[in-house]
Amino acid sequence: MAGEPLLKVDGLVKHFPIKKGVLQRTVGAVQAVDGVSFDVRPGETLGVVGESGCGKSTMGRLITRLLEPTGGRVEFEGRDITHLSVGQMRPLRKDVQMIFQDPYSSLNPRHTIGTIVGAPFRLQGVTPVGGVKKAVQEMLERVGLNPEHYNRYPHEFSGGQRQRIGIARALALKPRLVVADEPVSALDVSIQAQVVNLLDDLQDELGLTYVIIAHDLSVIRHVSDRIAVMYLGKIVELADRKPLYETPMHPYTKALLSAVPVPDPKRRAARTSRILLRGDVPSPISPPSGCRFHTRCWKATTVCETTEPPLIELAPAHRVACHHPENAPDQAPADTQPLAGTPAEDQVVHQSE
Amino acid sequence: MSELESEVGRSSVPGPRTGAAGTAGTSAALEGEVFLSVRDLRIHFDTDDGLVRSVDGISFDVRRGRTLGIVGESGSGKSVTSLGIMGLHRSHSARISGEVWLDDDELIASSEDFVRRQRGRKMAMIFQDPLSALHPYFTVGAQITEAYRVHHPVSKKIAKARALDMLDRVGIPEPAKRYSGYPHEFSGGMRQRVMIAMALVNNPELLIADEPTTALDVTVQAQILDLIRDLQKEFGSAVIVITHDLGVVAEIADDLLVMYAGRCVERGTAEQVFEAPQHPYTWGLLGSMPRIDRDQTERLIPVRGTPPSLINVPAGCAFHPRCPHADVPQDDKTRTLRPELREVGSGHFTACHLAQEERTRIWTEEVEPKL
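Residues numbered from 1 in each chain as written. Chains lettered and ligands numbered in written order. Predicted model: local features only at pLDDT ≥ 70, side-chain atom pairs only at ≥ 80, totals over all residues. Heavy atoms only, no water.

A.B. asks: Give a detailed account of the overall build of chain B, specifying residues and quantitative values.
C.D. replies: Within chain B one finds 13 helices and twelve strands. Its C-alpha radius of gyration of 21 Å places chain B within 12% of the 21 Å reference for a compact globule of 371 residues. The long-range share in chain B, meaning contacts at least 24 apart out of those at least 6 apart in sequence, stands at 66%. About 15,500 Å² of surface is accessible on chain B, with carbon and sulfur atoms providing 51% of the total. Put simply, chain B has 42 plus and 52 minus side-chain charges, and the middle of one group is 5 Å from the middle of the other. (Helix = DSSP H or I, 4+ residues; strand = E, 2+ residues; numbered from the N terminus. Rg over C-alpha atoms; globule rule 2.2 N^0.38 Å. Contact = heavy atoms within 4.5 Å. Areas by Shrake-Rupley, 256 points an atom, 1.4 Å probe, with all protein chains shown as cover. Lys, Arg positive; Asp, Glu negative; His and termini not counted. Charge placed at Lys NZ, Arg CZ, Asp CG, Glu CD.)

In structure tokens:
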């Protein structure tokens, strides 16, 4: 896709200070997002995937400016919005909207659906042709709700319907960029598919650009054009959908993909190997030195412990941050000494019987 | 209309079985024996809004050494079923009928005291959220030790050795050190391991895992599923895994039961249900799921509408308002007559009014090509 990126993120950092004692001295920081750079192009869907605690939700809140970045730069349509105040951001809210994970806590229980979906018009001082009520009812219809339910309250709706209300609210002003944080993870499988299809249709109809944040690699594969894989506050791999799933380069991506259960019992017998990562994700308060994945990686060598690998393009439009990538030439071929404590490959790669 | 499902009385006669199953302990000779047999289980709750029919007549068997996966969406009654088997519903609020045969004992009619003695020893359960299932004020070691001493009159020292052994078995590093840790000091995956250790400390012959990996990350989920599978192989126990995730059951289950609105709509081996699913709801579940193993840019095929309220379960087939094929059978019976479970292949049952040929045609011509 050509043209200027809609959103440009450069070296974005967010550290949450940890305060202790009577004087509330800062004793450390949760390095939730630690130097993340990427572009979002108009009309595309960027998927952001990672395990819990990798900073993907914080990243979503930074680019919508619900949080103040500690460092780095966020540009929306060429304009620096990194440190805009709440008031300065307000006009931009028309163009940047968010869909939240939990359809139960993101809707005010005391407001009717009409008030909730009509709020963006009131806050932005926009008077649509034919009045707010008509615009809201059109929006409700578009997301598959009955426009006559205008005066009902959130508790009268099911989870899937509430998520549709949240989507209607986010899209009421026809934003340019929509950031959706786990938009379907709270929904049942059959309802999840309805909402995924709805997001798809609305993107086509309204020419939306999405950043979709999710932990579910199957959902991400279905909805995204490009995908960023995050680990401990960093992007470790960024590529188009097809190459990412077919020839992943970062060992972490490969391990993630191999861990996803496949709904096909035949594959259980046919599958030769699954990469079982040891242990859990380390704490983002004191992330490992060098490559943050080296404590769980079966390819880790000395260089991984000391030097942080940069996110570089190893194949066209396929960026990865790894010294010893899969499906690409080794970036540190001289360094072959495995780290102490790194299990041999056959210990990590689990052979199924 | 007989409420009993058609296969009752044909396969594995419910009732005290004589012979090999009479002796306690698990040995290879017992592998494949029916260990748990549920017959026409109904669990209803009285509420101010009406009677909630959470589980409305389901029957199934679980054999030693095999894993049964129960799949369904929220509110389909899968967790209520498992709590019913464990005898964890309060008798004054739940109306329970039917039979639950655990080995040679019927549990529904038994005293609470009897069921309590079985619970933990013969059957144990792993819950979805380990943080709320473990007591925050006690060390994990104390909790596992207690679980063991409830059923075994041994000294604390012996129980502790047993607990340490279990912690080691479920893959907790440095068990001696972690023994005196509190639940909040463990990560999600480690907590789930602690719960599994606690559930398995008495060598139960039936293990029920209710959404064991839903709260976990995908890499940790893979570890826990492997652990459950390995431990089952080692102990030869019967396992029930309850989940909404078809991927998880495909990984772990030998047999499958699909629930909808408190009823069983399809049952068979995992291969049968995934290869040749019979019920339109099962088709809907398969069509709704994005697949990691395919680059699919096609739209998903969702099930229309939402699951019904269990107070007002639709008459006839509970799935008919959402079923795209509800009008195929003539004479409106999908709306008036509740379909019974019928055998469509060896050990493969479905509750659907579609005629067999019609169903095969729809699956092979209309549904399967789009998946």
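A.B. asks: Tell me what's going on with the pairing of strand E7 (residues 206-210) of chain B, and back it up with residues and numbers.
C.D. replies: All names here are of chain B. Within E7, five of the five residues are buried, leaving the element largely enclosed by the surrounding structure. Of the two faces of E7, the one lined by Leu206, Ile208 and Asp210 and the one lined by Leu207 and Ala209 are each fully buried. Here strand E6 (residues 123-126) runs beside E7; their pairing, made up of four bridges, is parallel. Residue Ala124 lies in a different strand from E7, and its bridge partner there is Leu207. Looking at chain direction, E7 and strand E8 (residues 238-243) are connected through five bridges and run parallel. When the sheet's bridge partners are listed, Leu206 is paired in E8 with Ala238. Read as a crossover between parallel neighbours, the route from E7 over helix H8 (residues 218-235) to E8 is right-handed. (Buried < 20%, exposed > 50% of the residue type's maximum accessible area, 1.4 Å probe, protein only. Pairing = 2+ DSSP bridges. Right-handed = clockwise from strand over helix to strand, strands pointing away.)

A.B. asks: Describe the sheet that holds strand E10 (residues 263-269) of chain B, naming the residues involved and giving the relevant values.
C.D. replies: Adjacent strands of a sheet form backbone hydrogen bonds with each other and so pair up, either parallel or antiparallel. All names here are of chain B. The strand order across the open sheet built from eight strands is E6-E7-E8-E3-E9-E10-E12-E11, with neighbouring strands paired in mixed fashion. At either margin of the open sheet sits one strand with a lone partner, and together these are E6 and strand E11 (342-345). Going across the sheet, the axis of each strand differs from the next one's by a mean of 20°, ignoring polarity. Where strand E3 (residues 67-71) meets strand E9 (residues 255-260), four bridges bridge the pair, whose relative direction is parallel. Opposite Gly69, over in E9, you have Leu256 as the bridge partner. Against the sheet, helix H11 (residues 280-288) makes contact with E3, E9 and E10, and its axis sits at roughly 100° relative to E9, the strand it touches most. (Axes fitted to C-alpha atoms, helices over the stretch in contact; angles between N-to-C directions.)

A.B. asks: Break down the domain arrangement of chain A for me, citing the residues and quoting the values.
C.D. replies: Residue and element names in this part refer to chain A. Structurally, chain A comprises domain 1 (42-68 + 77-231) and domain 2 (248-351). A separation of 33 Å is found between the C-alpha centroids of domain 1 and domain 2. Taken together, both faces of the contact between domain 1 and domain 2 bury some 840 Å²; the carbon and sulfur share is 71%. Among the residues domain 1 hides against domain 2, the three largest losses belong to Glu51, Leu217 and Tyr231. Together they make up 71% of the total. (Domains from an automatic or database assignment. Buried area = accessible area lost by both parts, 1.4 Å probe.)

A.B. asks: Can you tell me about the interface of chain B and chain A, naming the residues and giving the values?
C.D. replies: The interface of chain B with chain A comprises 47 residues on the first partner and 42 residues on the second. Taken over both partners, the interface formed by chain B and chain A buries close to 4,100 Å², and the fraction arising from carbon and sulfur atoms is 52%. In this assembly, chain B and chain A are joined by one salt bridge. Residue A:Asp201 is joined to B:Arg299 by a salt bridge in which the shortest nitrogen-to-oxygen separation is 2.5 Å. Inspection of the region where chain B meets chain A yields eleven residue pairs in polar contact (both at pLDDT 80 or more). (Salt bridge = Lys/Arg side-chain N within 4 Å of Asp/Glu carboxyl O. Polar contact = N/O pair within 3.5 Å; in protein donor to acceptor, adjacent residues only side chain to side chain.)

A.B. asks: I'd like to hear about the side chain of A:Thr64, residue by residue, with values.
C.D. replies: All names here are of chain A. With respect to the helices and strands, Thr64 occurs in the loop between helix H1 (56-63) and strand E4 (71-76). Within the local environment of Thr64, its side chain forms a polar contact with the backbone oxygen of Gly60, the two atoms lying 2.8 Å apart. A distance of 3.4 Å separates the side chain of Thr64 from the backbone oxygen of Arg61, its partner in a polar contact. Among all residues touching Thr64, those that are not within four sequence positions of it are Met89, Arg93, Val96, Gln97, Met98 and Val179.

A.B. asks: Describe the packing of aromatic side chains, naming the residues involved and giving the relevant values.
C.D. replies: Under the defined criterion, the tally for this structure stands at seven aromatic pairs over all chains. Plain terms: the ring middles of A:Tyr231 and A:Phe293 are 5.2 Å apart, the flat faces sit at 85° to each other, and that makes the pair edge-to-face. Remark: A:Phe293 occurs in the loop between strand E11 (273-275) and helix H11 (302-306) and A:Tyr231 occurs in strand E9 (residues 226-231); sequence separation between them is 62 residues. For the ring pair B:Tyr281 and B:Phe319, a centre distance of 5.3 Å and an interplane angle of 65° mean the geometry is edge-to-face. Remark: B:Phe319 occurs in the loop between H11 and helix H12 (333-336) and B:Tyr281 occurs in helix H11; sequence separation between them is 38 residues. Members of the aromatic cluster, connected to one another through ring pairs, are A:Tyr231, A:Tyr252 and A:Phe293. Looking at B:Arg178, its charged tip hangs above the ring of B:Phe186, at a distance of 4.3 Å from the centre. (Phe/Tyr/Trp six-rings, centres within 6.5 Å; stacked < 30°, edge-to-face > 60°. Lys NZ or Arg CZ within 6 Å of the ring centre and 35° of its normal.)

A.B. asks: So what's going on with the packing of helix H5 (residues 156-169) of chain B against helix H7 (residues 188-200) of chain B? Residues and values would help.
C.D. replies: All names here are of chain B. Following both chains from N to C, one finds H5 and H7 inclined at 130°, their axes separated by 9 Å at the closest point. When the interaxial angle is binned, H5 and H7 end up oblique. The handedness of the crossing between H5 and H7 comes out as right-handed. Contact with H5, carried on its side by Arg162, Met166 and Leu167, involves Val194, Ala197 and Leu200 of H7 and no other residues of that element. For the contact of H5 with H7, the per-class residue count stands at five nonpolar, no polar and one charged. (Parallel < 35°, antiparallel > 145°, perpendicular 65-115°, else oblique. Left-handed = near helix turned anticlockwise from the far one by under 90°. Nonpolar A, V, L, I, M, F, W, Y, C, P; charged D, E, K, R; others polar.)

A.B. asks: Mind laying out unusual backbone geometry, listing which residues take part and the relevant values?
C.D. replies: The phi dihedral of A:Ala317 falls on the positive side, at around 60°, and the residue is not glycine. Summarising the element assignment, A:Ala317 is placed in the loop between strand E12 (312-315) and strand E13 (318-320). Of note, B:Asn203 is a non-glycine position whose phi angle comes to about 55°, a positive value.

A.B. asks: Residue-level account of the domain arrangement of chain B, with values.
C.D. replies: We note that the domain assignment places domain 1 (132-203) and domain 2 (275-370) within chain B. Taking only C-alpha atoms, the centre of domain 1 of chain B and the centre of domain 2 of chain B are 44 Å apart.

A.B. asks: Now, about the pairing of E10(B): what can you tell me, with residues and values included?
C.D. replies: Residue and element names in this part refer to chain B. Most of E10 sits out of view: six of its seven residues are buried. For E9 and E10, the ladder comprises six bridges, and the chain directions are antiparallel. Residue Asp255 lies in a different strand from E10, and its bridge partner there is Thr269. Here E9 hands over to E10 after two residues, with Ala261 in that stretch at a positive phi of 50°. Here E10 runs beside strand E12 (residues 348-350); their pairing, made up of two bridges, is antiparallel. Across the sheet, residue Arg267 finds its bridge partner in E12, namely Phe349.

A.B. asks: So what's going on with the environment of A:Met98? Which residues, and what values?
C.D. replies: All names here are of chain A. Residue placement: Met98 occurs in strand E6 (residues 96-99). Sequence separation between Met98 and Val179 is 81 residues, and the spatial gap between their C-alpha atoms is 4.7 Å. Beyond its immediate chain neighbours, meaning those up to four positions away, Met98 contacts Gly60, Arg61, Thr64, Leu66, Ala170, Val179 and Asp181.

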